[in-house]
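Letter by letter, the chains look like this.
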Amino acid sequence: MASVRREISCSFALNHCLAAIIFGFARMVEPLILGAIEAGGTKFLCAISDRDGATLMQTRIPTTTPKETLGAASDFFAQASEQYGTLAAFSIGSFGPLSLNPIAIDYGRITSTPKTGWQNVDLFAHFRQTISAPTALDTDVNCAAVGERLFGSGQGLDTFCYVTVGTGIGVGVLINGAPHGGANHPEAGHIKLPRASGDDQFAGICPYHGDCLEGLASGPAMHARWGTPAETLPSSHPAWDIEADYLAGLCATLTYTVRPDRIIIGGGVMQPPMYDRVRRALTAKLAGYDASMRAIDMADYVAAPTAGSSAGLTGALALAYRKATRQWPMHWAVTETTSIEAEAVNA
């Protein structure tokens, strides 16, 4: 009798294991269609991908009015769903400021942005009405940081900061491999810093703070201060030492408060010679304090992004994957199909 019970028990266990394997295999082969937007101040990049991160459909939409832009994005995903099936998850990586606290009454809204017409636009509500899929929302810079974590200069790191210096200055912070939020997303681009030597007169351009970091060191701030776009300034121009001083001040603040493994700095203002300037200025600001900081290899610590121009969109798709599976897509590989910058197709 005991032998019969053992046979029945073994048979049950075997059948249970086989069922689990079959179920797991079915989960692996069933379609997993993901959608994402990288919402920027000049363009919305929209894409859908499969479970392996391969782009199936994509478009680039100019950022005009909320009605036009959001409507075109919704039309794109409606068309994509008709062609490829219902989305398993959807994510938005957007310019901000954003309300990211789920219990806030304005959750999902772009709040006090200086971009005309986009104040208090409810991104989350709009797409929840037009896309019936679990939805993730984060900043564009956090999505770019996720892209760098998976495929670029943040690979293998648990804690790092991603800084973008362009139209504005945004900072994404990844801790334990995931974007840090708390009550809301970091706004380190608006910290106050001591004035750089020789830069006492410029008032700054931030409509809220005047001479915060973004008001002094963003691309438009450099244009306003020097009367010409940053990219036209020669490498010997004093503008670059002033810019390096402010960015090093940001890096010192992040070093003291976050203690990241690396600070990755991207954006249109970061021409290649700037990295060494920032490293030298940061070394001077840290001033030899603390043995662990003295041991920092600046050539490794202050780094350029390497995940490509579509890192933000790829990171947004990765957030959608995580929303659907509760895991990061560590198996994804970067291919040319993940880049959307070459396309100029309007939805």
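### Concerning the overall build of the protein
A count of helical and extended segments in the protein gives eleven helices and ten strands. Out of the 347 residues in the protein, the part that is buried amounts to 49%. In the protein, of all internal contacts separated by at least 6 residues, the share reaching a separation of at least 24 is 63%.

### Considerations on the packing of helix 2 (residues 66-84) against helix 3 (residues 123-130)
At a minimum axis separation of 10 Å, helix 2 and helix 3 run at an interaxial angle of 35 degrees. As helix 2 packs across helix 3, the resulting crossing turns out to be right-handed. In this structure, helix 2 uses Leu70, Gly71, Ala73 and Ser74 to contact helix 3, whose residues at the interface are Leu123, His126, Phe127 and Thr130. Across the contact of helix 2 with helix 3, the residue classes break down as four nonpolar, four polar and no charged.

### Some points on the confidence of the model for the protein
Mean pLDDT over the protein works out to 87, with 87% of the residues at or above the 70 mark. When mean pLDDT is compared element by element in the protein, strand 10 (residues 302-303) scores highest at 98, while helix 1 (residues 2-29) scores lowest at 48. Here residues 16-27 is modelled with pLDDT under 50, and outside its nearest four sequence neighbours on either side it reaches one contact, counting other chains as well.

### Remarks on the environment of Met330
Positionally, Met330 belongs in the segment after helix 11 (311-325). What makes Met330 exposed here is its relative accessible area of 53%. When the C-alpha atoms of Met330 and Arg149 are compared, they prove to be 9.7 Å apart, with 181 residues separating the residues in sequence. For Met330, the residues in contact, after removing those within four places along its chain, are Arg149 and Leu150.

### Here's the deal with the environment of Ala39
Mapped onto the elements, Ala39 comes out in strand 1 (residues 34-39). Classification of Ala39 as buried rests on a relative accessible area of 0%. Distance in space between the C-alpha atoms of Ala39 and Thr69 is 9.7 Å, their sequence separation being 30 residues. Residues contacting Ala39, with those up to four places away along its chain left out, are Phe44, Gly93, Ser94, Phe95 and Asp140.

### Some thoughts on the sheet that holds strand 10
Sheet strands pair via backbone hydrogen bonds, and the direction of the pair is either parallel or antiparallel. Spatial ordering of the open sheet is given by 8-7-6-9-10, a layout of five strands whose pairing is mixed. Strands at the two margins of the open sheet, each flanked by one partner only, are strand 8 (178-179) and strand 10. Direction of pairing for strand 9 (residues 262-266) relative to strand 10: parallel, over a ladder of two bridges. Within strand 10, the position partnered with Ile264 by the bridge is Ala303.

### Description of the nonpolar core
For soluble globular proteins, nonpolar side chains are generally found buried alongside one another. Val163, Val165, Ile263, Ile265, Met270, Val278 and Leu282 are the most contacted members of the largest nonpolar core, which totals 42 residues. Counting residues per element, the ones that place at least two in this core are strand 6 (160-165), strand 7 (169-175), helix 5 (213-217), helix 6 (219-226), helix 7 (239-257), strand 9, helix 8 (274-286) and helix 10 (298-301). Broken down by element, the residue count for this core peaks at eleven residues, all from helix 7. Among all residues touching Ile265, those that are not within four sequence positions of it are Val163, Val165, Cys251, Met270, Tyr275, Val278, Val302, Ala303, Ala304 and Pro305. Residues Met57, Leu70, Leu87 and Ile131 belong to the second largest nonpolar core, which totals 29 residues.

About the thresholds
Residues numbered from 1 in each chain as written. Predicted model: local features only at pLDDT ≥ 70, side-chain atom pairs only at ≥ 80, totals over all residues. Heavy atoms only, no water. Helix = DSSP H or I, 4+ residues; strand = E, 2+ residues; numbered from the N terminus. Buried < 20%, exposed > 50% of the residue type's maximum accessible area, 1.4 Å probe, protein only. Contact = heavy atoms within 4.5 Å. Axes fitted to C-alpha atoms, helices over the stretch in contact; angles between N-to-C directions. Left-handed = near helix turned anticlockwise from the far one by under 90°. Nonpolar A, V, L, I, M, F, W, Y, C, P; charged D, E, K, R; others polar. pLDDT = per-residue confidence, 0-100. Pairing = 2+ DSSP bridges. Core = buried A, V, L, I, M, F, W, Y, C linked by side-chain atoms within 4.5 Å.

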